[in-house]
Amino acid sequence: MQPNFLSQQFNVGFLAENSTACPANATICDGTSCVLLEDNFNQTLSVVLSTVLTIMLALVMFSMGCNVELKNFLGHIKRPWGIFVGFLCQFGIMPLTAFLLSLAFNILPIQAVVVLIMGCCPGGTASNVIAYWVDGDMDLSISMTTCSTLLAMGMMPLCLFIYTKMWTDSDAIVLPYDSIGISLVALVIPVSFGIFVNHKWPSKAKIILKVGSIVGAVLIVLIAVVGGILYKGSWIISPKLWIIGTIFPAAGYTLGFFLARVAGLSWHRCRTVSLETGMQNTQLCSTIVQLSFTPEQLELMFTFPLIYSIFQLLFALLILGGYRLYRRHRVKTKTDVEKTEQKEDSKSSAKINGGFVSDEMK
């Protein structure tokens, strides 16, 4: 679903220098701000890119499925403690954090609503790619993404009803169940094929996984860049939303990790839950606000999903970089310890063998 309007700001000085009124193709004008119809180039570009990104996403999810063991995946479904912890993070921590941030920064009601919609969205598929790179539990990651997308059909209306009551009539928010359903199908079918390939041809699955993980990393960056290009007219927005867009994903990653640790999950599962909590389905959030609000309202809120997308990616890359440095240091330290132990064992053996120590062991 692509937006019908792109918001483009015109300040008073620009209008004074160039014309006495908004451009002829403006649909809404209050003298200082205009909303322009999306031009044909952007419409065509948007359709083409959406098609390409959808195909790439399906391929990435297929490759991620190639890292999932059917036995382990079914184990998470039968003993869903990890999924339950993820559920508490996704539909407990994130909506509550959105609510508290909206109150703390005292933003406009319509802006509070978009922050809450973001907090109520299910996990995004980008979390599966990052989880792979940080050696997370891929079985749990894909289980959580699938379950949160499925449960969003009931939990999103409930959370929005609870948290948006003080700002707006929750009936005014249109939930695109068709988009949620399409997201679910686009997630489940490629992953299912990937699990099947891993079960039948494990050696080929490893090759597919390596290629898919690289394509996935490219896809994440591409989505962020494309969003910035297509919606460049919407970047003039309240500084408070920029601050919230920075704090919100960081809070999601941090709180998700600590809750998972308190729940007794292993470290690699804590990393997985953290990523699943902080990385939201920003495309779904954009679709909801486009369907629910007028162009005037979109002008105040439409950019927030893009801001969140940028910072959730930035913090995810920082987590990835930090983990890689930690793992490199740990492996190096472990190797040094093993060499020391080996040297000591050799010297002990030398005492038994008449005190002979080879030059390699000195």
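Treat the numbers as computed from the prediction; the structure is a model and nothing was measured. Here the residue index of a chain counts from 1 through its sequence in written order. At least 70 in pLDDT is required for a residue's local features to be given in this predicted model, at least 80 for side-chain atom pairs to be given and counted, and no such filter applies to totals for whole chains, interfaces and linings, which use all residues. Excluding hydrogens and water, the side-chain figures rest on all heavy atoms present in the structure.

S.K.: Would you take a moment to explain the overall build of the chain for this structure?
M.R.: Secondary structure summary: the chain contains 14 helices and 3 strands in total. Going through the 362 residues of the chain one by one, you find that 46% of them count as buried. All accessibility values rest on the Shrake-Rupley procedure with a 1.4 Å probe; residue burial counts only the protein chains present in the view. By element, 66% of the accessible surface of the chain is carried by carbon and sulfur atoms, the whole surface being about 18300 Å². Strands are runs of DSSP state E lasting at least 2 residues, helices are runs of H or I lasting at least 4, and numbering of each runs from the N terminus. Partly exposed describes any residue whose relative accessible area lies between the buried limit of under 20% and the exposed limit of over 50%, with all areas from a 1.4 Å probe on protein chains only and scaled to the type maximum.

S.K.: Looking at this structure, I do not really get the packing of aromatic side chains. What am I missing?
M.R.: Within a pair of aromatic rings, the relevant descriptors are the distance that separates the centres and the angle that separates the planes. Only Phe, Tyr and Trp rings take part, Trp by its six-membered ring, and two of them pair if their centres are within 6.5 Å. Stacked means planes under 30 degrees apart, edge-to-face means over 60, and tilted covers everything else. According to the stated counting rule, one finds 10 aromatic pairs in the structure shown. Their ring planes at 85° and their centres at 6.5 Å tell us that Trp242 and Phe311 sit as a pair that is edge-to-face. You can see Trp242 sitting in helix H10 (residues 239–262) and its partner Phe311 sitting in helix H14 (residues 304–352), a full 69 residues away along the chain. By the ring-pair criterion, three or more aromatic residues cluster together here, those being Phe248, Phe304 and Tyr308.

S.K.: In this structure, what is going on with the nonpolar core? I would like to understand it.
M.R.: As a rule of thumb, soluble globular proteins bury nonpolar side chains together. Ranked by internal contacts, the top residues of the largest apolar core, which has 36 residues, are Val115, Ile117, Phe248, Val289 and Phe304. The set of elements that each furnish at least two residues to this core consists of helix H4 (81–105), helix H5 (109–120), helix H7 (138–163), H10, helix H12 (282–292), helix H13 (295–301) and H14. At 9 residues, H5 tops the list of elements feeding residues into this core. Setting aside residues up to four positions removed in sequence, Val115 forms contacts with Ala98, Ser102, Ile107, Leu241, Ile244, Phe248 and Phe304. Joining through side-chain atoms within 4.5 Å is the link that ties buried Ala, Val, Leu, Ile, Met, Phe, Trp, Tyr and Cys residues into a set, and such a set is a nonpolar core. Every residue pair with non-hydrogen atoms within 4.5 Å of one another is taken to be in contact.

S.K.: Can you help me understand the side chain of Ser274 in this one?
M.R.: Mapping Ser274 onto the fold places it in helix H11 (residues 267–278). Discounting residues that sit within four places of it in the chain, Ser274 has contacts with Gly252, Tyr253, Gly256 and Phe257.

S.K.: What am I meant to see in the UniProt feature "transmembrane region" (unreviewed entry) in the chain here?
M.R.: UniProt positions are given in the numbering used here, feature names are shortened, and annotations may be inferred rather than shown by experiment. Per the UniProt record, "transmembrane region" (unreviewed entry) is found at residues 45–63, 83–105, 112–134, 140–163, 175–195, 207–229, 241–260 and 306–326. In this annotation, residues 140–163 is assigned 100% helix and 0% strand; the end-to-end C-alpha distance for the span is 29 Å.

S.K.: Help me understand the pattern of salt bridges, please; the structure alone is not making it clear to me.
M.R.: If the charged atoms of two oppositely charged side chains come close together, the side chains can form a pair. Salt bridges, as used here, are contacts in which a Lys or Arg side-chain nitrogen is within 4 Å of a carboxyl oxygen on Asp or Glu. Counted under the stated rule, the structure contains 2 salt bridges. For Arg327, the salt bridge is made with Asp135, and the minimal N-O distance between the two is 2.6 Å. Residue Arg327 is located in helix H14, and its partner Asp135 is located in the loop between helix H6 (126–133) and H7; the two are separated by 192 residues in the primary sequence. In this structure Arg327 comes out as partly exposed when scored by relative accessible area, which is 28%. Among the residues examined, Asp135 registers a relative accessible area of 30% and is labelled partly exposed. In this structure, the salt-bridge partner of Arg269 is Asp137, at a minimum N-O distance of 2.9 Å. Linking Arg269 in helix H11 with Asp137 in the loop between H6 and H7, this pair joins segments that are 132 residues apart in sequence. When its relative accessible area of 6% is taken as the criterion, Asp137 is described as buried.

S.K.: Just checking my understanding: could you explain H5 for this structure?
M.R.: The first and last C-alpha atoms of H5 sit 16 Å apart over 12 residues, in line with the 16 Å expected at 1.5 Å per residue. Judged by how many residues are buried, H5 sits mostly within the fold: 11 of 12 residues are covered. Three or more residues of H5 are buried, namely Ile110, Gln111, Ala112, Val113, Val114, Val115, Leu116, Ile117, Met118, Gly119 and Cys120. A helix is expected to span 1.5 Å multiplied by its residue count minus one.

S.K.: Honestly, H12 in this entry has me stumped. Any pointers?
M.R.: Note that an α-helix has 3.6 residues per turn; residues three or four places apart therefore point the same way. Summarising burial for H12: 9 of the 11 residues are buried, a large majority. What H12 keeps buried is the set Thr282, Leu284, Cys285, Ser286, Thr287, Ile288, Val289, Gln290 and Ser292.

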